[in-house]
Amino acid sequence: MNQLSDRLNSLSPSATLAMSQKSSELKAQGIDVINLSVGEPDFNTPDHIKEAAKKAIDDNFSRYSPVPGYPALRNAIVEKLKKENGLEYTAAQISCANGAKQSVCNTILVLVNPGDEVIVPAPYWVSYPEMVKMAEGTPVIVSAGIEQDFKITPEQLEAAITPKTKALILCSPSNPTGSVYTKEELAGLSAVLAKHPQVIVIADEIYEHINYIGAHQSIAQFPEMKERTVIVNGVSKAYAMTGWRIGFIAGPEWIVKACNKLQGQYTSGPCSVSQKAAEVAYTGTQEPVKEMQKAFQRRRDLIVKLAKEIPGFEVNVPQGAFYLFPKCDAFFGKSNGERKIADSDDLAMYLLEEAHVACVGGASFGAPECIRMSYATSDENIVEAIRRIKEALAKLK
């Protein structure tokens, strides 16, 4: 008997989590799998942040926090936004949640009514359309291919906006492509949005500090967009704190209050100890962030160089995050004599079983012609993984 809700039945499972689980299952069987499917840094949380968590435990930060987070953490975020981004907010315009994922979902749930449209540029993070569907909205997918570095143009945005458009989800630096919108590109999008004041921008900036082209640019910097933008960020990527589950939104107070109201009814405030650790992440030394960024850039250069040597791959140069998103449709329809590759999901499964390298097919990211590889792993793993992939793909004829 299936008594699950229509809401749940409308959702697709996370392809990234599914591939990571399959990789773990093979590893449990003793198979040497190199996992390029996971979206998290391979570094440990910096020691000074861990020490702050230990102190928080000793200081008995073990009770419920305010729903939007401790004032000290929200004030630390206010200072971070002012110092690093040149953006002025108050603590009342900040709401902390159980990771940036909840922050995105909260924002969508408080804004979107049944039938509302939300523009989602593709390639997109797998959860964006699913969150819109959960809110009974309609995802409007706007595709940008590798030839335009996976970034939508003002003309594409203009064409996608209708009277039903409620929001635009913009992720820069991007998961899954690593693409980064420049200030000039954001200005072009802002000029379009200025003509459509009903559209709110949900700016997912979780990869802000993993950026290889200089200072991060936020669409909230434009005067006409500040009161129509909800910035989403957190400590998971920049500070290697994925398991600590602290994200936040910064935006118009009416939206922040709505997210607090919603969150107060289903999770309340995020983990108290994690909040104290996040506070120190923002207020303490930023040297570990810089060191991790340098390592990711070195790995980016390595994996791009090696992937470009694979016949049949079309590779661009990602400018942020830690993903490579090569176009791989040259292999569709080919076979190794035992199995035929129908699409990128097939190809990802073939690489897992044949090369013992876990990647994620692009269909769930809205780009079925591509495949996502995370280079948040060691240089040695990158070299060996690409060697295995190249060898396995050479068997497809």
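Residues numbered from 1 in each chain as written. Predicted model: local features only at pLDDT ≥ 70, side-chain atom pairs only at ≥ 80, totals over all residues. Heavy atoms only, no water.

- By the naming in an unreviewed UniProt entry, the chain is Aminotransferase, taken from Bacteroides acidifaciens.
- The heading Sequence similarities (unreviewed entry) in the UniProt record of the chain holds the text "Belongs to the class-I pyridoxal-phosphate-dependent aminotransferase family."
- Taken verbatim from the UniProt record of the chain, the Cofactor (unreviewed entry) comment is "pyridoxal 5'-phosphate". (UniProt positions renumbered as here; feature names shortened; annotations may be inferred.)

1. Overview of empty space enclosed by the protein
(1) Moving on: Following the criterion strictly, the structure yields two cavities of 30 Å³ or more and no others.
(2) Moving on: In this structure, the largest cavity occupies an estimated 120 Å³ of space.
(3) Moving on: Residue lining of the largest cavity: 16 residues in total, with Pro121, Pro123, Cys171, Ser174 and Tyr181 positioned closest to the centre.
(4) Moving on: Those elements that place two or more of their residues in the lining of the largest cavity are strand S3 (117-122) and strand S5 (165-171).
(5) Moving on: Of the pockets and cavities examined, the second largest cavity occupies roughly 60 Å³.
(6) Moving on: Around the second largest cavity, the lining residues are Leu170, Cys171, Ser172, Leu186, Ala203, Asp204, Glu205, Gln217, Ser218 and Ile219.
(7) Moving on: Broken down by secondary-structure element, the contributors of at least two residues to the lining of the second largest cavity are S5 and strand S6 (200-204).
(8) Moving on: A per-class count over the lining of the second largest cavity returns five nonpolar, three polar and two charged. (1 Å grid on protein atoms, 1.4 Å probe; cavity = no way out; pocket = protein on both sides within 12 Å on 5 of 7 lines; lining within 4 Å. Points joined across faces, edges and corners; volume = space filled by probe spheres on them. Helix = DSSP H or I, 4+ residues; strand = E, 2+ residues; numbered from the N terminus. Nonpolar A, V, L, I, M, F, W, Y, C, P; charged D, E, K, R; others polar.)

2. What about the nonpolar core?
(1) Moving on: Counting 83 residues, the largest nonpolar core has Ile108, Phe313, Leu347, Leu351, Ile371, Ile389 and Leu393 as the members making the most contacts within it.
(2) Moving on: The residue makeup of this core includes at least three contributed by each of domain 1 (6-44 + 288-392) and domain 2 (62-284).
(3) Moving on: Contact partners of Ile389, with chain neighbours within four places excluded, come to Ile310, Phe313, Leu351, Ala355, Val357, Cys359 and Met373.
(4) Moving on: Counting residues in hydrophobic clusters, the runner-up holds 28 residues, among them Ala53, Leu81, Cys96 and Ala238. (Core = buried A, V, L, I, M, F, W, Y, C linked by side-chain atoms within 4.5 Å. Buried < 20%, exposed > 50% of the residue type's maximum accessible area, 1.4 Å probe, protein only. Domains from an automatic or database assignment. Contact = heavy atoms within 4.5 Å.)

3. Section: helix H10 (residues 272-283)
(1) Moving on: A rise of 1.5 Å per residue sets the reference length of H10, with its twelve residues, at 16 Å; its end C-alpha atoms lie 17 Å apart and thus fit the reference within 8%.
(2) Moving on: Counted residue by residue, H10 has ten buried out of twelve residues, so it is predominantly covered.
(3) Moving on: Among the residues making up H10, those that are buried are Ser272, Val273, Ser274, Gln275, Lys276, Ala277, Ala278, Glu279, Ala281 and Tyr282.
(4) Moving on: Considering only its buried residues, H10 is in contact with helix H3 (47-58), helix H4 (71-85), strand S7 (229-234) and strand S8 (247-250). (Expected span 1.5 Å × (residues − 1).)

4. Comments concerning the pairing of S7
(1) Moving on: Within S7, six of the six residues are buried, which leaves it mostly tucked inside the rest of the structure.
(2) Moving on: Residues Thr229, Ile231 and Asn233 of S7 are buried on one face, and the alternating residues Val230, Val232 and Gly234, pointing to the opposite face, are buried as well.
(3) Moving on: Here S6 runs beside S7; their pairing, made up of four bridges, is parallel. If you follow Asp204 over to S7, its bridge partner there is Val232.
(4) Moving on: Relative to S8, S7 runs antiparallel, the two sharing four bridges. Bridge pairing in S8 links Asn233 to Phe248. (Pairing = 2+ DSSP bridges.)

5. Regarding the pattern of salt bridges
(1) Moving on: Scanning the entire structure with this criterion turns up 24 salt bridges.
(2) Moving on: Across the pair Arg299 and Asp42 runs a salt bridge whose closest N-O atoms are separated by 2.8 Å. Within this pair, whereas Arg299 is found in helix H11 (residues 287-307), its partner Asp42 is found in the loop between strand S1 (34-35) and H3, the two being separated by 257 residues in sequence.
(3) Moving on: Arg299 gets classed as buried once you look at its relative accessible area, which sits at 5%.
(4) Moving on: Overall, Asp42 belongs to the partly exposed group, its relative accessible area being 36%. (Salt bridge = Lys/Arg side-chain N within 4 Å of Asp/Glu carboxyl O.)

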